[in-house]
Amino acid sequence: MKLAIAFGIVLSLLAVSSAAERFDFFYFVQQWPGSFCDTSRGCCFPDTGKPAADFGIHGLWPNYAKCHGGGDDGLARRAVLGDDAAAVSLSGVGRRGKCWPQYCDDENALSPWAIRDLVSSLSRSWPTLSCKSGDSFEFWSYEWKKHGTCSNLKPHDYFARALALKAAHNLTEILAAAGIVPSGSDTYSISSVSDAIKKGTGFTANLECNRDTDGQTQLYQVYQCVDKEAKQLIDCPLHMRSKCGDDQVKLPLF
């Protein structure tokens, strides 16, 4: 009887272990709203109104240190394209992408009740700017379904830890302390942006740029690497290529 019980416990532990998603770190991604909006596609404000002129959370994404069978090219593509359908079509195909896990539990939909105490904070810190929908909860639900279900976290923990990371490392204040502030005319070297973030957080971030309607380079997203518990910044296991180059970049007014 004791042997049977012990065997049952082992089987249960194996089942839990096999159910846990294996990944190496999180990308915690924040975007500058002015750079999102100052492109040919434009933007739309969420149902809660115009967000503050502050870096907003785009997502908390489990990631592999190396692509599974695809080299590092998929990660470079992600840096250029961001988290959208085009990136999925390149390397993150299917239920388990080569470079990151995604859609790990299609039945685990986000419940409004699960994050009811976080809604006001999420509205401020994780707003949607897409014109596809101004519904913030729809945006959070998408991020949860695609990335959160692979995080080994419960919904409340997933969103609460992202909010905590943003609060602990306020990128807008960190850059302002280095004299890098939103402007209609000033530009900044990409190295000065990178150095300011490293000085303010203790860790080097990966930077993504896009181009405004005049073709000028602007700082778009900041990718910070986070441990598998989504609690602490870490040194990034890899470097992502981006379109920033050595250009001077804008931080456009919003």
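Keep in mind it's a predicted model, so treat the numbers as computed, not measured.

**Student:** Got a minute to help me understand empty space enclosed by the protein in this structure?
**Tutor:** By rolling a water-sized probe across the atoms, one finds the places where empty space is left. One pass over the structure, following the stated rule, counts two cavities of 30 Å³ or more. Of the voids in this model, the largest cavity is the one considered here, and its volume is about 100 Å³. P51, D54, F55, G56 and P127 are, among the 13 residues lining the largest cavity, the residues nearest its centre. Mapped onto the lining of the largest cavity, the elements with two or more residues apiece are β2 (56–63) and α5 (119–125). There is about 50 Å³ of room inside the second largest cavity. Surrounding the second largest cavity, I197, T201, F203, T204, A205, Q224, C225, L233 and I234 form its lining. For the lining of the second largest cavity, the secondary structure elements donating two or more residues are α9 (190–201) and β5 (217–226). Across the lining of the second largest cavity, the residue classes tally to six nonpolar, three polar and no charged.

**Student:** Before we go on, may I ask you to explain the pairing of strand β1 (residues 25–31) in this structure?
**Tutor:** Both faces of the sheet carry side chains from a regular strand, because those side chains alternate between them. Along β1, seven of the seven residues are buried, which leaves the element largely enclosed by surrounding structure. Burial along β1 is two-sided: the face carrying F25, Y27, V29 and Q31 and the face carrying F26, F28 and Q30 are both buried. Relative to β2, β1 is paired through seven bridges, and the arrangement is antiparallel. Looking at the pairing, F25 lines up with N63 of β2. Pairing geometry for β1 and β5, over six bridges, is antiparallel. In the strand pairing of β5, Q30 is matched with V222.

**Student:** Please clarify how the sheet that holds β1 should be interpreted in this entry.
**Tutor:** On the basis of which strands lie adjacent, the open sheet formed by four strands has the order β2-β1-β5-β4 and antiparallel pairing. The open sheet has two edge strands, β2 and β4 (206–211), and neither has a second partner. Pairs of neighbouring strands in the sheet enclose a mean axial angle of 25 degrees, with direction left out of account. Helix-sheet contacts for helix α7 (residues 155–168) involve β1, β2 and β5, and the interaxial angle to β2 is about 120 degrees.

**Student:** I keep staring at α7 and nothing clicks. Help me out?
**Tutor:** Three or four residues apart is the spacing at which side chains of an α-helix point the same way, because the helix has 3.6 residues per turn. An ideal rise of 1.5 Å per residue puts 20 Å on 14 residues; α7 measures up with 20 Å between its terminal C-alpha atoms. The set of residues buried in α7 consists of P155, Y158, F159, A162, L163, L165 and K166. Along the axis of α7, the buried residues cluster in a sector spanning 160 degrees; they form a single face. The exposed residues of α7 that point more than 90 degrees off its buried face are A167 and A168. Elements that come into contact with the buried residues of α7 comprise β1, β2, α5, α6 (136–146) and β5.

The rules behind the values
- Residues numbered from 1 in each chain as written.
- Predicted model: local features only at pLDDT ≥ 70, side-chain atom pairs only at ≥ 80, totals over all residues.
- Heavy atoms only, no water.
- 1 Å grid on protein atoms, 1.4 Å probe; cavity = no way out; pocket = protein on both sides within 12 Å on 5 of 7 lines; lining within 4 Å.
- Points joined across faces, edges and corners; volume = space filled by probe spheres on them.
- Helix = DSSP H or I, 4+ residues; strand = E, 2+ residues; numbered from the N terminus.
- Nonpolar A, V, L, I, M, F, W, Y, C, P; charged D, E, K, R; others polar.
- Buried < 20%, exposed > 50% of the residue type's maximum accessible area, 1.4 Å probe, protein only.
- Pairing = 2+ DSSP bridges.
- Axes fitted to C-alpha atoms, helices over the stretch in contact; angles between N-to-C directions.
- Contact = heavy atoms within 4.5 Å.
- Expected span 1.5 Å × (residues − 1).
- Arc of directions from axis to C-beta.

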